[in-house]
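One letter stands for each residue in the lines below.
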Amino acid sequence: MSDSNPYGQQPPPEQPGANPYGYPQQGAPQPGYGAPQSGQPGYGAPQGGQPNYGYPYPGSAPAGGGYPPQGAPGMPAAYDPNAPYGYDPYGRPYSDKSKIVAGVLQLFLGSFGVGRFYIGNVGLGLAQLFTCGGLGIWALIDGIILLCSSNTTDANGRVLRG
């Protein structure tokens, strides 16, 4: 019997990362836990050089981190007070005005410049009001342009919705 152990028990063998009582230290890796190895099927990079077609690998974090993914098309990263209705595919903010409403107002009441007043173009609205919408021709063409154009903006430079 040894002098340091009066009860006759053998101390546990020293393992790396273990304290004197045999328990793993805090933060030390435990066997059977942890990230799967890339050689295991179903984890890590696809086997055989198969492309993943733009989808993340199983278990990987989304691009940009967090939810919703930052920069995902159609999903705003956060609320932006300068663009309360979001952004178009080219990154321009949407207006609170509708191009359908503006076009219909311009077609029916264009001689008074109502469509231009609606989207905030007061100068063009006054010009149409004083010229009776260019004798109706300017109002008709302007209404068609408002309905068909994809880059018509309001007075703040935002793209019309719709």
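Whatever comes next refers back to the structure up there.
Residues numbered from 1 in each chain as written. Predicted model: local features only at pLDDT ≥ 70, side-chain atom pairs only at ≥ 80, totals over all residues. Heavy atoms only, no water.

Undergrad: Is there a simple way to explain the overall build of the protein in this structure?
TA: Counting secondary structure elements, the protein contains five helices and two strands. Going from N to C terminus, the protein has its helices and strands arranged as β-α-α-α-α-α-β. Put simply, the protein has 162 residues, and 19% of those count as buried. (Helix = DSSP H or I, 4+ residues; strand = E, 2+ residues; numbered from the N terminus. Buried < 20%, exposed > 50% of the residue type's maximum accessible area, 1.4 Å probe, protein only.)

Undergrad: Would you explain the pattern of salt bridges in this entry?
TA: Pairing between side chains of opposite charge can happen when their charged atoms approach one another. Applying the stated criterion across every chain, the model contains two salt bridges. Among the ionic pairs, aspartate 88 bridges to arginine 92, the shortest N-O distance being 2.9 Å. Aspartate 88 sits in the buried class, given a relative accessible area of 7%. On the accessibility criterion, arginine 92 (30% relative accessible area) is partly exposed. Linking arginine 116 and aspartate 142 is a salt bridge whose minimum nitrogen-to-oxygen distance equals 2.6 Å. (Salt bridge = Lys/Arg side-chain N within 4 Å of Asp/Glu carboxyl O.)

Undergrad: Sorry if this is basic, but what is going on with the side chain of aspartate 154 here?
TA: Tracing the chain through its elements places aspartate 154 in the loop between α5 (137-148) and β2 (159-161). Polar side-chain contacts of aspartate 154 include one of 2.7 Å to the side chain of serine 95. Among the polar contacts made by the side chain of aspartate 154, one reaches the main-chain amide nitrogen of asparagine 156 at a distance of 3.1 Å. When residues no more than four places from it in sequence are discounted, the contact partners of aspartate 154 are Ser95, Asp96, Ile119, Asn121 and Leu160. (Polar contact = N/O pair within 3.5 Å; in protein donor to acceptor, adjacent residues only side chain to side chain. Contact = heavy atoms within 4.5 Å.)

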